[in-house]
Amino acid sequence: MHLIISTDFEEMSGTAAEDFLFTLEKISKPVICLPSGKTPVIFLRNMRNYFSRHEKHPDWYFIGLDEWVGVGQDVKGSCRQFFDEHLFKPLGIPEERISFFNGIAEDLEAECRKAERFIDAHKGIDIMVLGIGTNGHLGLNEPGSDPELRTQIKGLSESTMVAAKDYFDEPKDVKQGITLGLKTMLESKTVFLMASGESKSDVIKAVVEGHVTPDIPGSFLQGHPNCFVYMDEKAASKLD
Ligand code: PGA
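Reading the values: rules and limits
- Residues numbered from 1 in each chain as written.
- Predicted model: local features only at pLDDT ≥ 70, side-chain atom pairs only at ≥ 80, totals over all residues.
- Heavy atoms only, no water.
- Pairing = 2+ DSSP bridges.
- Helix = DSSP H or I, 4+ residues; strand = E, 2+ residues; numbered from the N terminus.
- Axes fitted to C-alpha atoms, helices over the stretch in contact; angles between N-to-C directions.
- Contact = heavy atoms within 4.5 Å.
- Core = buried A, V, L, I, M, F, W, Y, C linked by side-chain atoms within 4.5 Å.
- Buried < 20%, exposed > 50% of the residue type's maximum accessible area, 1.4 Å probe, protein only.
- Near = heavy atom within 4 Å.
- Polar contact = N/O pair within 3.5 Å; in protein donor to acceptor, adjacent residues only side chain to side chain.
- Areas by Shrake-Rupley, 256 points an atom, 1.4 Å probe, with all protein chains shown as cover.

All right, on to the sheet that holds strand β4 (residues 66-68) then. Pairing in this open sheet of 3 strands is antiparallel, and the strands run β4-β8-β7 from one edge to the other. Every other strand in the sheet has two partners, leaving β4 and β7 (152-155) as the edge strands with one partner each. The mean angle between the axes of side-by-side strands here comes to 25°, regardless of whether they run parallel or antiparallel. Pairing between β4 and strand β8 (residues 176-179): 3 bridges, direction antiparallel. In the strand pairing of β8, Glu 67 is matched with Ile 178. Where helix α4 (residues 108-121) meets the sheet, it contacts β7 and β8, and its direction lies at approximately 125° from that of β7.

The biggest cluster of nonpolar side chains holds 38 residues, and the ones touching the most others in it are Ile 63, Leu 180 and Leu 193. Residue assignment for this core shows that the elements contributing at least two residues are β2 (31-33), β3 (61-63), α4, β6 (127-130), α6 (182-186), β9 (190-195), α7 (201-209) and β10 (227-232). Of all the elements, α4 adds the most residues to this core, at 5 residues. Those residues in contact with Leu 180 that sit more than four places away from it in its chain are Cys 33, Ile 63, Gly 64, Leu 65, Phe 101, Ala 115, Ile 119, Ile 125, Met 128, Asn 141, Thr 151 and Met 185. Listed in part, the 36 residues of the second largest apolar core include Met 12, Leu 34, Trp 68 and Phe 100.

Once that is clear, we can look at the site of the ligand. Residues in contact with the ligand, as listed here, are Gly 37, Lys 38, Thr 39, Gly 131, Ile 132, Gly 133, His 137, Tyr 167 and Lys 200. Within the backbone of Lys 38, one N or O atom sits 2.9 Å away from an oxygen atom of the ligand. Contact distances for the ligand include 2.7 Å between an oxygen atom and a side-chain N or O atom of His 137. Burial of the ligand by the surrounding chains reaches 81%, relative to a free accessible area of 280 Å².

With burial as the criterion, only one face of β7 is covered, namely that bearing Gln 152 and Lys 154; the residues Ile 153 and Gly 155 on the opposite face remain uncovered. Sheet topology places β7 next to β8; 4 bridges connect them, and they run antiparallel. Bridge assignment links Ile 153 to a residue of β8, and that residue is Ile 178.

Moving on: unusual backbone geometry. Phi is positive for Glu 55, close to 45°, though the residue is something other than glycine. Tracing the sequence through the fold places Glu 55 in the loop between α2 (41-53) and β3. We note that Lys 123 has phi near 60°; this positive angle belongs to a residue other than glycine. Tracing the sequence through the fold places Lys 123 in the loop between α4 and β6. Judged by relative accessible area, which is 67%, Lys 123 ranks as exposed.

See the structure below:
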């Protein structure tokens, strides 16, 4: 793991965004996977600014990381709506370059297979950016997740259900998610993990310095050969 500690959230997001763009410069039509949530908001703003400054459109392909089961793609709070707002619409990404879960599909297993097929057809994920839950989850791979599993439907942990409430304008009772599996995620060629704030300091310590255990799914990143952890000083404050 490569650890990159910045002064604050803004600087961390800027450094991660610069490194991300630098990595992708060398790859034609890369497949990328990004997290929704609070952590990537400034990182994504930097992406929008970069492309509007250079009057360019990226040639990227997108695979969705996760989605709430029972929530439609146009609902504010869905992961897809988050990316429509923060990235796809502003950057003019065409639909044919996006594979995203539909949380209200009748056949959710087919959604899982579709994601894996998209990744295979494009020869793997070039770069995956992740946030981390305070419980150590990656995507919606909650504590106890099997690192050998691919894309699947997962029950949400209590802390994720509570955190999810902040993402929706109206109360939503989400109990399950659809997520790329740890096996799929760990096969990405490069992984960036971002964490900001005091509330992430315990989990960052466990992810970076703790034992590798399904209790903290993020700890499996210790075994990834090309993983970069971007933190602000508060998130890094408990590291030895
Ligand atoms: P957050 O979520 O960026 O909103 O803190 C991270 C996560 O739960 O993976």
